Every structure is written in structure tokens, then in C-alpha cells.
Amino acid sequence: IRDDADRPVRGARVSLLGSTRVAFSDEAGRYRLSELPPGRYVLRVSRIGFAPELADSVQLLDVAETAHDIRLRGVALPLSQLLITPGSFTLLDQSAPSRLALTRDALLTAPQLAEDVFRSLNRLPGLSGSDFSAKIRVRNGGVDEQLVTLDGLELIEPFHLKDFDGALSIVDGEAIGRVAVTTGGFTASSGNRMTGLVDLRSTIPAAGRNQAALGLSVSNVRARTEGTFASGRGSWLGSARRGYLDLLFKLLNETNPPDPRYWDAFGKVQFAFSPRQTGTVEALIADDRMSLADGGSSIESSYGNRYLWSTLRSQWSDRVASTTLVSLSRLSWAREGVDTERLLSQTFERVRLADRRSLRALSLKQDWTADLSPAVSVLLGGELRAEDAAYDYARAQRTRAVVARTVVVRDSTTIDARLSPNGPRRSAYLSLRLRPRPALTAEVGGRSDSHGWTGQTTVAPRINAAWSLAPTTTMRFAWGQYFQAHTLQDLSIVDGDTAFGRAERAEHQVVGLEHELGRGWTARAEAYQRVITSPRARYFNVDGTLDALPESAPDRVRFAPDSARVRGIELLAQYDRGGRVRWGASLVLSRASAVTSGRVSPRPFDEPVAVAIDVAYRGSRGWTVAAAFTAHSGWPASAPTFVVDTLAAGRFAVRRLPSSPNFGERLSTYHRVDLRATRSFQTLHGRLRVWADIFNLLNHANERGATYGWSLMNGSSLRVTRNRQDFLGILPTLGFGWEF
């Protein structure tokens, strides 16, 4: 690969269209794609500072090696498109110019549970999750502190199986063409979240290629179709999945198994009205139903997600462009549950609840970019949303004890609330991007957000900069203020909260250094600090157990610190030359603390040390074997306290005091090894991919919490027992995907 001046181009990404294969050019401009059957191929080559090049007729003969040279044409990248945000990662994108982009080949062949894109994210530095949930935490932020978007639309609670902590996302990874993750210091164009961004972009079908796919994994069966029409001016994409965990539980002959049923569907139609204007209409639908009956306890739940949006992208001139997005979002939550207990051969109703909530949002969003000159760009935009929600929640809860062979009621709680909050949400941002020197790009801007249901308006200034120290070395800086309002759907009415709080505020300080070492090696180091000065109260179940009625569990605590701080250092190294071996390793050293009434304690899910190592070997005949090692410090924990109350006539009763949110203990260190073997076959009618995955290969018992029991010895002497609860043990799975 050479440029206009016949110089070798280093670090160019060579993608083999129609497959997941990617290679990079070395210092001499050479690239290599091995173990390919004879045939005709299409290559796409991209590199920052060059126009993408498509080689659409590369004939690979039945010989040891075929050479194909490519010349790239240098272009000036518009200032508005430069990446200046630190803490950024790209997944799946075959055309991403950075080596720190995880390719589709790397993602599909990496060990992962349930074939879920979100579960793959928690292997990136600064991101973490749990065995049970697809939700992620960015640099110890809450699971609600990152903005998730799909093709520009905000997704609210985009997870299936909410009664199981959101075990899967509602977006089929096979329909996703690009995932961009920003772990801090993002620019003024994004707001109302104070930690990170997850930007999903759907696949864009290749012109002239109609394709379908079928897949089967441990969690679902899925289908996808995509293609083009009108001589390539239009394209369509459709995908659908149906989960069958309900069938698996029945086949396993579990006693009183849960009955979770879920499905989702995504569709997109795109059409280019002219070379400068493209319109898109998209829809995403997801539904969940779950029933669980265990003895005298039962729960019935249903959840719905409906998104419909249309986007118009206009290139008004070579320097001015705009994007207009109109959307309608509707979400619903419904639960009914009863929990009983048996005392002295009698069955008593401990909890009964009915929970129905909904949210509707109509939004108009507009973004503009104007490259005024090679050294000055303006980015501005805004959004107007009309939102209304409904809450209908009722819970009756009673706690009983046995005293002198008699059942007595110790405590009783009743919540009955009906609310219909609504109001507008307005956002606006303005940024000025400057290039005072060829090696330095800076963006100075700010945004304003207001919410009608809180009556509060926030103003957040932000500064970002990227300094190219050398062609292979870039340093990035970020500082800014980030506000997260108490959104209309986030009122914790299940815990008795009926009033919205003021916006949370965080200040980000980030500096990162990225360097291409050569010969396939890339490294990055990043230091960050996030100071939170007005955190909102949140509720946790500190024992770490899964409960379909978490608000009624005895380990429920209110965590409301006065302030908090998260700081750390992330180190990442990757090796990938497009050959047989690729690997990556990361180390994160961090500390997340909170201050409550002058007392410093760890924040929930604090991980002072986290390590991830990934290794993959691409063998002959389509084989790839990949292994992954994950380890991190045990999460903070809070042990309960039980007391014995002395009653009249020498009688005694035991009660559990509310758990402390100061997290004075820690669980044991978490570590896990996963393994996956993938085999790809080129058939007469398409490409078949088969995989076998082993989660937690060594069957290590990773602690997630505990349950507690008690007994009275000699009438008044209390004995408390701790029963450890662990995450998933060894779990082998199989699956296949067929594209034709």
C-alpha cells in the first residue's frame, strides 16, 4: 500500500468484505491475509488522512500467494470529523482507522456468553459487569449513568429479562455494524449522562449484495435479512430474535422453573434522495413476559419497548451538513407479585405488590456542522422532547416473628402511590473546534439542559484537545462538567420516593496517550478523575442475591453520599498484524470512594485492581481458538447485624437491623478463564460459522454475596450463619450462524 508520492503507508486497515477478516499494513506498507480459498474478493482499505479505497475484483489463484498493490489518495479530513475525545473504543467497524478498534472477527471469535454485544463491552478497560447481567458500569458509574444510542436515538433501559437484572440487551449484535464506547470526557454534543457513552450504529448493506442469515445460540434463535434496491440508492435491514430460555428450563426438568419469554425485532429502510441527502426510517420493538411460581410465592411481569424514528442527513455544501431526527418512544413496565412464608405450620402473606408504569416521549433533534475553514469548525444542535409518565404502585409488606410459640407481627409497611408527571426536556449545545497548529486540535464548547418536571436548567462547559506528538503518537485531554437530571422514568417509587431530585453533577479530568509501536503493536495509557458533588440517592440490595421483588428484600439499603470521587489509571496493549496470533492485555488501577457525613467509604462495585488478557490463534481451514482471562478485586460488601429483643415474661425475638451502606467488607477476588473454538466453512450457498464456548473453564467459585440465617441458643443466645452465594460455574454452550 503506497500513497500519491509512492511512499509506503503504515497502519492502513485492509478489510476483506463478505468476511470478518482484517489486516494492517506494516512499516513497509505490506499487508497479509492468509488461509483464504481461491476466488474473487473485494478489499476495502482505510487510513486517517486518505480517501477509502475499494478494490472490487481481486482474483486469488490456487497458488501459494497472490500479490495485490493498492495506492491511497491523500485527503484533508474535515476538522469536524477528527477524534479528539479520550477514552474512546470502537468495536465491529471494519473501516475504523484506529488499531484500538475491535474488529468483527475478533468479537465473533472471542469467548462470550449469550452472544450479546453488551457482554463483550465489559472486557474493555474501565468497563465492568457481572455474570448475570448485560448492564455495564463505566469507571464505577451506575448502570444508568451512560447514554446508550442506536443510530442517534436514545435507548432507555435497553435490556431483556429485567427481573434477572437485565440479562440480555434488546439489540441483536448481528444487526450492529459499529459500536463506539467513550468512557469519559465526551464532548458537548452529548448530555444528560455523567459517565459514558455507548453509540450503536446498525449495519449498512453493501451495494448490490442481498444477504440473509440464520443463527442459533444458548439464548435465542435469530434471523436477519439485508440488501439494496433502486440501483444501490436504497437499502433495507431487518432482524428478529426469539429467546427460548423457557424451553430450556422445561427440558432441564427444573422444579418450579421460571418461564421467561422474550423477543425483539429491528428494521431499517434507507434511501438516498440525491447524492447529498439521505433519509432513514427505523423501528425497534422488544417484549418480555415472565412468570415464576415457587410454593406459595409467585410473580407475573411484562415489559415493552417501542421505538420509531426517522433521520434525514443533508450535505448542504462541501462544508455544511445537518442531521434531523424525529422519534416516538413508548415503554411499559408491569409486575404483580406475592411472597409468602410459613411459620408454625401456618402460611402467611409477607408481600403483595402491583406495579404498573409507562413512559412516552416525542422528540425532535437537530445537529449542524460547519467547516468554516481548515482551521475552524462550528458544531451546534439541540433537542426538544415532550415526555409523560405514569406510576401506579401498591405494596403491602409485613414482617412476623415467632415469640413463645405465637406468631406476632413486628413491622408493617404500606405504599400506595399514583403519579402522572410530565413536561418538556430541552437541550442545546455549541462547540468551536480549532486547529491552531497542524498537530493540535481543540474543541471548546458547552451545553444547556432543562427539564420541566424539576424546573432546573444546567449549563455545562467542556474542553477537549488532541495533540499529535508524532505520526504514530497522539495525546488527548478532556475537562468538563456533566449533569444527569432525575429523568421522568427513574423515580424510585418502589422505595417510597415521590419527588424528583436535582441534577447530579460530575467534573471530568482525563489525559491519555496512544502510540503505535510498530510491527502490529499498539499501546495506550490513560489517567482520569471524576468528582461528583451532588449524587442522587440510590437503592441497592447489598447481599448480592437475585430477587424478583428486590424492594421488599431485607437487604435493601438507601445509599445517599454527600459527594464521591473516582480516579484511576488504565493501561492497554494490543498486538494484531492480521496473521495467526492476536492478543491484548489491560490493567486498571482505580479507587472509587464516597463521603457520607464526613466518613469515607468505598462506592458500590469498587474494583481497585482489574486485569483482562485475551489471546486468539487463527489456525488453518477456518479454525480460530481464543481464550480470555478476567480478574478484579472483590466488590465491597456490607454484613447485616441481628439483635435479640427481650420481651415480657422472659420471651425473646430476633430482628435484622437495616444494613449499612458504608461497605466495610469485601468479597473474595474474582477471576475467570473462558475458552471458545470457532470454525468457519465456505459452502456453495454461503458461509457457515460454528462455535463451542466454555464459560468459566476452571469452574472457579466467584463470590457474589450471601444469605443469612439465625437461631436462638438456650433461649436468648444468638447464632448467625452466613451462606455464601456464587456466580455462574462452568457453562459450556454451542451455536452456529449461517450467512447466505
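What you see as residue numbers is a count from 1 along each chain, following the sequence as written. Given that this is a predicted model, residues contribute local features only at a pLDDT of at least 70 and side-chain atom pairs are listed and counted only at 80 or more, while totals for whole chains, interfaces and linings are drawn from all residues. Processing note: side-chain calculations cover all non-hydrogen atoms of the structure and skip hydrogens and water entirely.

This next bit is on the overall build of the protein. Across its full length, the protein holds three helices and 46 strands. Only C-alpha atoms enter the radius of gyration, while the globule expectation follows 2.2 Å times N to the 0.38, with N the number of residues. Rg of the C-alpha trace for the protein: 27 Å, near the compact-globule value of 27 Å for 740 residues, within the 12% margin. Once the C-alpha set of the protein is aligned to its principal axes, its extents read approximately 100 × 55 × 45 Å. A simple rule labels every residue: compare its accessible area, found with a 1.4 Å probe on the protein chains alone, to the largest value its type can have, and call it buried under 20%, exposed over 50%, or partly exposed in between. Burial status across the protein gives 50% buried among its 740 residues. Should any heavy atoms of two residues lie within 4.5 Å, those residues are counted as being in contact. Considering only contacts in the protein between residues 6 or more positions apart, those separated by 24 or more positions represent 63%. As used throughout, the charge tally considers Lys and Arg to be positive and Asp and Glu to be negative, leaving His and the chain termini uncounted. In plain terms, the charge of a residue is placed at NZ if it is Lys, CZ if Arg, CG if Asp and CD if Glu. Taken together, the 93 basic and 77 acidic charged side chains of the protein have centroids lying 2 Å from each other. The secondary structure listing takes helices from DSSP runs of H or I that are at least 4 residues long and strands from runs of E that are at least 2 residues long, numbered from the N terminus.

Attention now goes to the environment of Y262. If you trace the backbone, Y262 turns up in strand 18 (residues 259-274). Taking relative accessible area as the criterion, Y262 reaches 4% and is therefore assigned buried. The sequence separation of Y262 and P640 amounts to 378 residues, and the corresponding C-alpha distance is 36 Å. Setting aside its immediate chain neighbours within four residues, Y262 contacts H160, L161, L168, S219, R241, R242, G243, Y244, L245, D287 and D288. The definition of a polar contact used here is a pair of N or O atoms within 3.5 Å, where within protein one atom must be able to donate a hydrogen and the other to accept one, and adjacent residues in sequence count solely through side-chain atom pairs. A distance of 2.6 Å separates a polar side-chain atom of Y262 from the backbone oxygen of S219.

Here we take up unusual backbone geometry. Residue L161 is not a glycine yet carries a positive backbone phi of 55°. Tracing the backbone through its elements, the reader meets L161 in the loop between strand 11 (159-160) and strand 12 (168-169). By relative accessible area, which is 8% here, L161 ends up buried.

Sheet strands associate in pairs through backbone hydrogen bonding, adopting either a parallel or an antiparallel arrangement. When DSSP finds two or more bridges between two strands, those strands count as paired. One open sheet holds the four strands; their spatial order is 2-1-3-4, and the pairing between them is antiparallel. At either end of the open sheet lies a strand with only one pairing partner, and these are strand 2 (22-24) and strand 4 (53-60). If you compare each strand with its neighbour and ignore which way they point, the axes differ by 25° on average. The pairing of strand 1 (residues 13-16) with strand 2 spans three bridges and is classified as antiparallel. Bridged to S15 within strand 2 is V22. An axis is simply a line fitted to the C-alpha atoms; with a helix, the fit covers only the stretch in contact. Between two such axes, the angle follows the N-to-C directions and lies from 0 to 180 degrees.

All right, on to the nonpolar core then. Formed by 50 residues in total, the largest nonpolar core has its most connected members in L121, L200, L284 and Y307. Per-element tally for this core: the top contributor is strand 20 (residues 297-315), with four residues. Grouping buried Ala, Val, Leu, Ile, Met, Phe, Trp, Tyr and Cys residues that are joined through side-chain atoms within 4.5 Å yields what is termed a nonpolar core. Of all hydrophobic cores here, the second largest spans 16 residues; its members include A23, A55, V58 and L60.

Attention shifts here to the packing of aromatic side chains. Between 30 and 60 degrees the pair is tilted, below 30 it is stacked and above 60 it is edge-to-face, where a pair is any two Phe, Tyr or Trp rings, Trp via its six-membered ring, whose centres lie within 6.5 Å. Following the criterion strictly, the structure yields 16 aromatic pairs and no others. With 5.6 Å between their ring centres and 70° between their planes, F271 and F273 make a pair best called edge-to-face. For F271, a relative accessible area of 23% puts it in the partly exposed group. Summarising the aromatic geometry, the rings of W521 and W583 are spaced 5.3 Å apart at their centres and angled 80° between planes, so their arrangement reads as edge-to-face. Placement of W521 in strand 30 (residues 521-532) and of W583 in strand 34 (residues 581-596) is noted, with a sequence separation of 62 residues between them. Taking the relative accessible area as the measure of exposure, W583 reaches 30% and is therefore partly exposed.

Now for the environment of A553. Its location among the elements puts A553 in the loop between strand 31 (538-541) and strand 32 (556-559). Here the alpha-carbon distance between A553 and V351, two residues 202 residues apart in the chain, equals 9.7 Å. Residues contacting A553, with those up to four places away along its chain left out, are N541 and D547.

This brings us to the pattern of salt bridges. Salt bridge, as used here: a side-chain nitrogen of Lys or Arg that lies within 4 Å of a carboxyl oxygen of Asp or Glu. A complete count under the given rule lists 50 salt bridges for this structure. With its nearest N and O atoms 3.8 Å apart, the salt bridge here joins D165 to K135. Here D165, found in the loop between strand 11 and strand 12, pairs with K135, found in the loop between strand 7 (127-128) and strand 8 (137-138); they are 30 residues apart in sequence, far enough to count as distant. For D165, a relative accessible area of 34% gives the class partly exposed. On the basis of relative accessible area, K135 is assigned to the partly exposed category, the value being 23%. Residues R433 and E443 are paired through a salt bridge, measuring 2.6 Å at the closest nitrogen-oxygen approach.

A word on the pairing of strand 27 (residues 456-470). Two strands pair when backbone bridges link them, and strand 26 (residues 440-451) and strand 27 are joined in this way by twelve bridges, in the antiparallel orientation. Of the residues in strand 27, the one forming a bridge with G445 is R462. Hairpin connection, strand 26 to strand 27: the antiparallel pair is bridged by four residues, and G455 has positive phi, about 70°. Pairing analysis gives eight bridges linking strand 27 to strand 28 (residues 473-484), with the strands arranged antiparallel. Each bridged residue has a counterpart across the sheet, and for S468 the counterpart in strand 28 is T474.

To continue, consider the environment of Y244. For Y244, the position within the fold is in the loop between strand 17 (234-243) and helix 3 (245-251). Along the sequence, Y244 and V643 sit 399 residues apart, while their C-alpha atoms lie 45 Å from each other. Once residues lying within four places of it in the same chain are set aside, the contact partners of Y244 are L216, S217, V218, S219, N220, V221 and Y262.

Attention now moves to a nonpolar patch on the surface. Grouping into patches uses exposed residues only, defined as over 30% relative accessible area, and leaves out salt-bridged ones; the cut-off is 9 Å for like charges and 5 Å for nonpolar side chains (Val, Leu, Ile, Met, Phe, Trp, Tyr). Under the convention used here, a 1.4 Å probe and the Shrake-Rupley method define accessible areas, while residue burial counts only the protein chains that appear. A contiguous nonpolar patch, built from L214, L216, V221, F681, V690, F736, W738 and F740 and spanning about 600 Å² of accessible area, is present on the exposed surface. Residue assignment for the nonpolar patch shows that the elements contributing at least two residues are strand 15 (211-216) and strand 46 (731-739). Mapped onto the elements of the fold, W738 is located in strand 46.

For the rest of this paragraph, the subject is the confidence of the model for the protein. For every residue, the predictor reports its confidence as pLDDT, a number between 0 and 100. For the protein, per-residue confidence averages 88 on the pLDDT scale, and 92% of positions sit at 70 or higher. Mean pLDDT across the elements of the protein bottoms out in strand 6 (residues 101-103) (60) and peaks in strand 10 (residues 153-154) (97).

Turning our attention to the side chain of R222. Looking at the element boundaries, R222 is found in strand 16 (residues 220-229). Residue classification places R222 among the buried positions, given a relative accessible area of 8%. The residues contacting R222, other than those within four sequence positions of it, are D172, E174, A213, L214, G215, L216, S217, A240, R241, R689, W691 and F736.

Attention now moves to the pairing of strand 9 (residues 146-150). In terms of residue burial, strand 9 counts as a mostly covered element, since five of its five residues are buried. Of the two faces of strand 9, the one lined by Q146, V148 and L150 and the one lined by L147 and T149 are each fully buried. In this sheet, strand 14 (residues 196-202) lies alongside strand 9 in parallel orientation, the contact comprising five bridges. In the strand pairing of strand 14, V148 is matched with V198. Taken together, the two bridges between strand 9 and strand 10 define a ladder with antiparallel strand orientation. Its bridge partner being in strand 10, T149 is matched across the sheet by E154. The antiparallel pairing of strand 9 with strand 10 creates a hairpin that spans two residues between the two strands, and D151 there sits at a positive phi of about 50°.

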